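# Descriptive analysis of the structure
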Amino acid sequence: MIRVRFAPSPTGDLHVGGARTALFNWLYARHLGGTFILRIEDTDGARNTEEAARGILKGLRWLGLDWDEGPDVGGDYGPYFQSQRKSIYAAYFAKLEAAGRVYTEDNGAVRFKFSRTSITVHDLVCGDVTFAPTEEPDMTIRRPDGSYIFHFVNVVDDIEMRMTHVFRGEDHLSNTWKHIDLFNALGATPPTYAHIPLILNPDGTKMSKRDEGSAIEKSYMHEGFLPEAVFNYLAMLGWTPRTEGEKLSSEALVSLFDPAEIHSSNARFDMHKCQWFNAQYLRELSPEALLAAARPFLDKAGLSITNDAIAAAAVFSVKEKVSHLTEIPAWVHYFFREDYSYENDVVTKLKAKPENTTLLNAAASALATLIDWTEVSIQTAIEEAAKIASVKAGALMPLLRFALSGQARGPGVTTIAHLIGQSSTLRRIERTVLML
Ligand code: GLU
């Protein structure tokens, strides 16, 4: 039975690198029907915060990564916070003592005696990596204050939690021999490792906290990305599934996942690509799903929704125009308020031609007579008004769109008019005529 884990240290926001590590572990567990565990490595009291731990959980959940054991869900091998596992570490520490593998320094720190043999990591991504017998000083595993250091607790928990595989960032590869040395000293079999290449910025520098696209919450959740798009993008950052096309659902990614296909070279982060994925996913949502996703952003923009069906149709009418949910309010605000403003440069242009008011009045008269307010009847009325005024319907449409929305670009005029209703349509035309 496969058991894998994501083991973040809660020092800050969930970073794309961490999210992708979690995702690869999750894909592997789901692919093989294994168990995915979340373990919070919070032994560093000075740097770890509960807020960061909460943020990590929130980010993982947003991405759709659920864990079978861990915080909030429990499990047979808990607690899943390292800060609550001191007695377990003490028991393992006693084992090393009994095996004569530790000694105490004058200052009270305790060191682990390295075996000083050659150690090979059989890595699923990096292949066999052999470390020559070390010349480093023995490793401190317990501080004078009695707290244990990362390498020790990480190994103890991987033993105790029965991990079979460890997918983690390549930055840990150089220390893996220390972990294997500890596993051996504790009489345990090390898991199979898969060290995932790092994520670099587009310019090839190492991605850090401050770089574009680095934090899941700030760069994606707040910026109007859909979780399924980010999931898809991150899965392919360092892995190329053997299939046609790139837009793949999480189910498809689960069934295709193969660690042997993880790239051994570093991945380059590409925000445009991620945005492209997002636009593709946005376009596929139903009106209701798009409204559900857009709602927090509409709320934030102060647009109050009184009719869900109209709001859903309104956001749906602009889905081809946006790649982020954050862009939606600017495209649809006039569906939710009558006091929308007009784009200034267009007003100037329209004012230059007095016949524009005549045209708008002609359209208003035709629309006022309609009894059935459907897109078809609206279209016919506008065409007739254009005919009477001897202009092309194509010339009248932009003028009407501007009157109804204050904007030069947007969805079709009949769609807008239909959604806002007849009386609002007539009021808006009148308001525009008075302004021109
Ligand atoms: N807490 C470590 C980190 O955040 C985890 C290392 C591991 O996955 O073994 O980098």
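Rules used throughout
- Residues numbered from 1 in each chain as written.
- Predicted model: local features only at pLDDT ≥ 70, side-chain atom pairs only at ≥ 80, totals over all residues.
- Heavy atoms only, no water.
- Core = buried A, V, L, I, M, F, W, Y, C linked by side-chain atoms within 4.5 Å.
- Buried < 20%, exposed > 50% of the residue type's maximum accessible area, 1.4 Å probe, protein only.
- Helix = DSSP H or I, 4+ residues; strand = E, 2+ residues; numbered from the N terminus.
- Contact = heavy atoms within 4.5 Å.
- Phe/Tyr/Trp six-rings, centres within 6.5 Å; stacked < 30°, edge-to-face > 60°.
- Lys NZ or Arg CZ within 6 Å of the ring centre and 35° of its normal.
- Pairing = 2+ DSSP bridges.
- Near = heavy atom within 4 Å.
- Polar contact = N/O pair within 3.5 Å; in protein donor to acceptor, adjacent residues only side chain to side chain.
- Areas by Shrake-Rupley, 256 points an atom, 1.4 Å probe, with all protein chains shown as cover.
- Axes fitted to C-alpha atoms, helices over the stretch in contact; angles between N-to-C directions.
- Salt bridge = Lys/Arg side-chain N within 4 Å of Asp/Glu carboxyl O.
- Right-handed = clockwise from strand over helix to strand, strands pointing away.
- Expected span 1.5 Å × (residues − 1).
- Parallel < 35°, antiparallel > 145°, perpendicular 65-115°, else oblique.
- Left-handed = near helix turned anticlockwise from the far one by under 90°.
- Nonpolar A, V, L, I, M, F, W, Y, C, P; charged D, E, K, R; others polar.

### Details of the nonpolar core
Membership of the largest hydrophobic core comes to 110 residues, with the highest contact counts inside it found for Leu27, Tyr220, Leu234 and Leu298. Here this core gets nine residues from one element, more than from any other, and that element is helix 1 (residues 16-32). Ignoring sequence-local partners within four residues, the contact set of Leu27 consists of Phe231, Ala235, Trp239, Leu253, Val254 and Phe257. Membership of the second largest hydrophobic core comes to 31 residues, among which are Val110, Val166, Trp177 and Ala185.

### A short note on the packing of aromatic side chains
Centre distance and the angle of the planes are the two values used to describe a pair of aromatic rings. Counted under the stated rule, the structure contains 19 aromatic pairs. Over the ring of Phe93 we find Arg142; its NZ or CZ atom is 4.4 Å from the centre of that ring. Positioned above the aromatic ring of Phe316, the side-chain terminus of Lys319 is 4.6 Å from the ring centre.

### Remarks on the pairing of strand 6 (residues 127-131)
Strand direction decides the pairing type here: strand 5 (residues 119-123) and strand 6, joined by five bridges, are antiparallel. Paired with Asp123 across the strands is Gly127, a residue of strand 6. Counted between consecutive antiparallel strands, the loop separating strand 5 from strand 6 contains three residues.

### Here's the deal with the site of the ligand
Close to the ligand lie Arg5, Ala7, Pro8, Ser9, Glu41, Phe150, Asn154, Arg168 and His172, which account for all nearby residues. Within the side chain of Glu41, one N or O atom sits 2.6 Å away from a nitrogen atom of the ligand. Contacts to the ligand include Arg168, whose side-chain N or O atom sits 2.8 Å from an oxygen atom. Protein coverage of the free-state accessible area of the ligand, which is 300 Å², stands at 82%.

### With respect to the sheet that holds strand 4 (residues 110-112)
If you trace the three strands from one edge of the open sheet to the other, you get 3-4-7, paired in antiparallel fashion. This sheet does not close on itself; its edge strands, each paired only once, are strand 3 (102-104) and strand 7 (139-142). Strand after strand, the sheet turns through a mean of 40 degrees between neighbouring axes, direction not considered. Sheet topology note: the strand 3/strand 4 ladder contains three bridges and is antiparallel. Counterpart to Thr104 in the pairing with strand 4 is Val110.

### A word on unusual backbone geometry
For residues other than glycine, phi is negative in most cases, and the peptide bonds are mostly trans. Gly78 connects to Pro79 through a cis peptide bond whose omega is -5 degrees. Position of Pro79 among the secondary structure elements: in the loop between helix 2 (50-63) and helix 3 (86-98). Its identity is not glycine, yet Asp72 carries a phi of approximately 70 degrees, on the positive side. Assignment of secondary structure puts Asp72 in the loop between helix 2 and helix 3. For Asp72, a relative accessible area of 64% corresponds to the exposed category. At Arg162, a residue that is not glycine, the phi angle is positive and equals roughly 55 degrees.

### Here we look at the pattern of salt bridges
Oppositely charged side chains can form a pair if their charged atoms are brought close together. The final tally for this structure, using the stated rule, is 26 salt bridges. Across the pair Asp339 and Arg337 runs a salt bridge whose closest N-O atoms are separated by 3.6 Å. According to the relative accessible area criterion, Asp339 is exposed, its value standing at 60%. Each of Arg5, Arg39, Glu41, Arg85, Asp157 and Asp158 takes part in a single network of salt bridges with overlapping partners.

### Concerning helix 4 (residues 150-160)
Summarising burial for helix 4: nine of the eleven residues are buried, a large majority. Taken residue by residue, helix 4 has His151, Phe152, Val153, Asn154, Val155, Val156, Asp157, Asp158 and Ile159 as its buried positions. Buried residues in helix 4 make contact with strand 1 (3-6), helix 3, strand 7, strand 8 (165-169) and helix 5 (176-185). The first or second residue beyond helix 4 is Arg162, which carries a positive phi of 55 degrees.

### Structural notes on the pairing of strand 9 (residues 192-196)
In terms of burial, strand 9 is largely enclosed, as four of its five residues are buried. Taken together, strand 8, helix 5 and strand 9 form a β-α-β motif whose crossover is right-handed.

### Regarding helix 15 (residues 375-388)
The end-to-end C-alpha distance of helix 15 is 20 Å, a good match for the 20 Å that 14 residues give at a rise of 1.5 Å each. Where helix 15 is buried, its residues meet helix 14 (355-368), helix 16 (393-405) and helix 17 (413-420). The positive-phi residue at the C-terminal boundary of helix 15 is Ser390, with phi of around 55 degrees.

### So, the packing of helix 7 (residues 227-235) against helix 9 (residues 271-284)
Where helix 7 contacts helix 9, the two axes come as close as 8 Å, and the packing angle between them is 135 degrees. In terms of axis orientation, helix 7 runs oblique to helix 9. Seen from above, helix 7 lies across helix 9 with right-handed handedness. Note on element contacts: helix 9 touches helix 7 through Lys273, Cys274, Phe277, Asn278 and Tyr281, opposite Glu228, Ala229, Asn232 and Tyr233. Classifying every residue of the contact of helix 7 with helix 9 gives five nonpolar, two polar and two charged.

### Looking at the side chain of Asp138
Along the polypeptide, Asp138 turns up in the loop between strand 6 and strand 7. The class of Asp138 is buried, set by a relative accessible area of 13%. Here Tyr103 takes part through its side chain, which lies 2.8 Å from a polar atom of the side chain of Asp138. Side-chain polar atoms of Asp138 contact the side chain of Arg116, separated by 2.8 Å.

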